[in-house]
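Structural overview for review
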Amino acid sequence: MAYYFALPETLFDDPYSTVLEDREGELMAATIAKDGQWRFPQLDTVPDKFIQAIIYFEDKRFYQHWGVDARAMARAIRQNMAAGKVVSGGSTLSMQVIRLSRKGRSRTYFEKLYEVVLATGLELRYSKAEILTLYASHAPFGGNVVGLEAACWRYFSRNVQELSWGEAALLAVLPNSPALIHPGKNRDQLLLKRNALLDKLHRAGVIDEFTCSLAKEENIPDQPAALPRYARHMLQRIVRDGYGQTRVRSTVSIGLQRRVEQIVQDHHKQLAGNQIYNAAALVLDVETGEVVAYVGNTDVEEPGYHGEEVDITNAPRSTGSILKPFLYAAMLDEGKLLRNTLVPDVPTVIDGFSPKNFKREFDGAVPASQALIRSLNVPAVHMLRDYRYEKFHAVLQRLGMTSLNHPPDHYGLSLILGGAEGKLWDVTGMYASMARVLNRYFIRTGDRRYFENDFHAPTYRQKKPAPDESSSKTDPSSLLSASAIYQTVDVLKEVYRPGEETGWRNFYSAKKIAWKTGTSFGHRDGWAVGVTPQYAIGVWVGNADGEGRPGLTGTEAAAPIMFDIFSMLPGNAWFQEPYLEMQQIAVCSKSGLRVGEYCEVADTTWVSSKGLDTRACTTHKRVHLTPDLKYRVHAGCTAVGDMVSLNWFVLPPLQEHYYKPRNVSYRTLPPFRADCGDQGGLVAMELVYPKPNARIFIPRDLDGTPGSAVFELAHRSASATVHWHLDGEYLGNTAKNHRFALNPGEGRHTLTLVDDAGILLESQFEVFSK
């Protein structure tokens, strides 16, 4: 009984290196073990060349004995007695495994006897192949190198299965005296021992004379080589995720990883000139969500600390505009807008929140698709207000955004403009999931086109094949439909970008790519994410410490990296259009809404089923004019026979004020003839600033005197004169450009505006400090 339990259940409890391999098993990176040793996790198999070499050098009757070689033991005793000291141990490989597991024990006869007992127990519990694996994985190979695999990489920079006969013989002789003989020292002794072993292998018929001669010509390595250092931030992630001291077979392709790292590093050299030091990139396989390239940060060579050890892929950063496509797709999916529905782009204040476009200009009204391409902020806020930020918050979480740690009210409408922080890992995975849903729509049939697990996070570890989908739960009401996703990616494939960031920019690409950029407030973060049916690529550029820099935008800093990565990827396919869940309808060419009664020109477009429920165009009105088309009239002031009836595209005054200068074809609605009055039901004028019930702050001037604020009005008639009153006191009038500098006191005020047609507009506001 004591004999049976003498051998410990676990022989080795040493700390191991964490080893990261690519999808084919090639080493990409490794950490040093906690005790400072390069000790890789235990091998699965030992290469035959090393087995032959170690057996002929250490234990030639390994396969015949049961842990103890009596003949070798007797020979060792004779040699030791003749020399008057220990010159030979006579230990078998099994006994050496025991000694390695009982490290630190003195080499006494009693200890040797105990090793004999344990070695026989080892033979009973383990197979010969397992014993060889234990030895090869824990034998010392000089310096702080432990185990055959670590030795192969440190001395020869290659996989253990690729050993030559010369390398196998060299490694076989090293554990015999690792403290004395290791590469870099005692090279002559090492060379003699290696060649002697090669001769022994030749005499035994293991290798032929030619192979033996070639093996002897191989050089002895000078110094230990550095291990590969690819995807080093993924290595950190492995440890954080609880896979430390293990061997992780990743989904990364090392060839692609090398090229992506080089691209990021090449761009880093340019960006560093603008003191932008950090960048990260992810490349995902759309179908599986597997990471095929992972660059967590740059290699910063510039002096100073720049946070290059931070894994940016997992760091929460302000999202800028990168989430806008998800809002666009969600609204298309629910029929809350059509592809080119006009969205307001005017000065806006909502509960104190005043969004601004990047260039601080306004278009008045802009098609939703163009607002997305140009990444306009004000239209996006209007869209989110219509959709409701609470619902969008839930959509983002279901799509896979894990960094929304606060309730929706914490973010409000700023959620769409970078008010929330996102991770490159999550965001790239969300884009990949949208593409996956669209791809899989065409390989499934009937009510099994959507599955709940189509939206999932990326993965970097190779796993067992996914289970048959027949056991998965279908999701007939998918989070986003294929039709909404297709319309979104089709808009995002536009390569001509009228930049909200730096003007027009044309990125050349030989393949179609749906892509979006984002820039955070203060030029701290630049994003670019692109997707094709095969790949999703996410890029972030900035400074890890959050320092903003001029020119740090998604378009200028991140998009070039993304396009360079796409240019080296295979495949040139594009998404199929899911016609089965779309219908072709007529839409107004100007408003983008379904054709209304008074629309003049109609276009046709494909929409999702919910798009059939959208409202008809209301921006076209039926107006009645004088024969010279200069004035509007109505039946109360003109005979019907004297009227000319036309359909007219009419925007609200504030939208019209900004829309007209950018659209020369826009015709301002003529005023009513003097004797007719205004019975058209259309708003004639609208305040640009301040908005009704706004709370405004008016600072003092530099000399300490009370400052003033410029109030602004938009009027439908270019020739109108507007009279201004504050709290009942007449201030003056304006014409053409309706701006008035006012200095109201602290408190609530009433602004009254009256035009020359007698139309009145009244609005209240509050000045809360001076």
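Let me begin by describing the structure that accompanies this report.

Here's the deal with empty space enclosed by the protein
All told, the structure shown has five cavities of 30 Å³ or more when counted by the stated rule. Its boundaries defined by the atoms lining it, the second largest cavity holds a volume of some 60 Å³. Lining the second largest cavity we find Lys324, Leu327, Tyr328, Ala368, Ala371, Leu372, Leu376, Ala380 and Met383. Secondary-structure elements contributing two or more residues to the lining of the second largest cavity are α13 (324-333), α14 (368-373) and α15 (377-387). Residue classes in the lining of the second largest cavity are distributed as eight nonpolar, no polar and one charged.

Quick word on the nonpolar core
Core analysis: the largest hydrophobic core is formed by 80 residues, its most contacted members being Met234, Val291, Phe326, Phe392, Leu396, Leu399 and Leu480. It is helix α18 (residues 424-440) that provides the largest number of residues to this core, a total of ten residues. Membership of the second largest hydrophobic core comes to 59 residues, among which are Leu93, Ala139, Leu171 and Ala215.

Notes on the sheet that holds strand β26 (residues 738-742)
The strand order across the open sheet formed by three strands is β21-β23-β26, and the pairing between neighbours is antiparallel. Because the sheet does not close on itself, it has two edges, and the strands there are β21 (685-689) and β26. Adjacent strand axes in the sheet meet at a mean angle of 25 degrees when their direction is disregarded.

Some points on the pattern of salt bridges
According to the stated counting rule, one finds 31 salt bridges in the structure shown. Ionic pairing is found between Glu334 and Lys391, a salt bridge with its closest N-O pair at 2.8 Å. Of this pair, Glu334 sits in the loop between α13 and β9 (342-345) while Lys391 sits in helix α16 (residues 389-399), and the two are 57 residues apart along the sequence. Residue classification places Lys391 among the partly exposed residues on the basis of a relative accessible area of 30%. Here Arg440 makes a salt bridge to Asp454, at a shortest N to O gap of 2.8 Å. Placement of Arg440 in helix α18 and of Asp454 in the loop between α18 and α19 (482-492) is noted, with a sequence separation of 14 residues between them. Like Asp454, Arg440 is buried. If you follow the salt bridges from partner to partner, you end up with Glu21, Glu149, Arg247 and Arg249 in one network.

Structural notes on the packing of α13 against α15
With their axes 11 Å apart at the nearest point, α13 and α15 run at an angle of 45 degrees to one another. Regarding the angle of α13 to α15, the classification is oblique. Two packed elements cross with a definite hand, and for α13 against α15 that hand is left-handed. In this structure, α13 uses Lys324, Leu327, Tyr328, Ala330 and Met331 to contact α15, whose residues at the interface are Asn377, Ala380, Met383, Leu384, Asp386 and Tyr387. Split into classes, the residues belonging to the contact of α13 with α15 amount to eight nonpolar, one polar and two charged.

Parameters and conventions
Residues numbered from 1 in each chain as written. Predicted model: local features only at pLDDT ≥ 70, side-chain atom pairs only at ≥ 80, totals over all residues. Heavy atoms only, no water. 1 Å grid on protein atoms, 1.4 Å probe; cavity = no way out; pocket = protein on both sides within 12 Å on 5 of 7 lines; lining within 4 Å. Points joined across faces, edges and corners; volume = space filled by probe spheres on them. Helix = DSSP H or I, 4+ residues; strand = E, 2+ residues; numbered from the N terminus. Nonpolar A, V, L, I, M, F, W, Y, C, P; charged D, E, K, R; others polar. Core = buried A, V, L, I, M, F, W, Y, C linked by side-chain atoms within 4.5 Å. Buried < 20%, exposed > 50% of the residue type's maximum accessible area, 1.4 Å probe, protein only. Pairing = 2+ DSSP bridges. Axes fitted to C-alpha atoms, helices over the stretch in contact; angles between N-to-C directions. Salt bridge = Lys/Arg side-chain N within 4 Å of Asp/Glu carboxyl O. Parallel < 35°, antiparallel > 145°, perpendicular 65-115°, else oblique. Left-handed = near helix turned anticlockwise from the far one by under 90°. Contact = heavy atoms within 4.5 Å.

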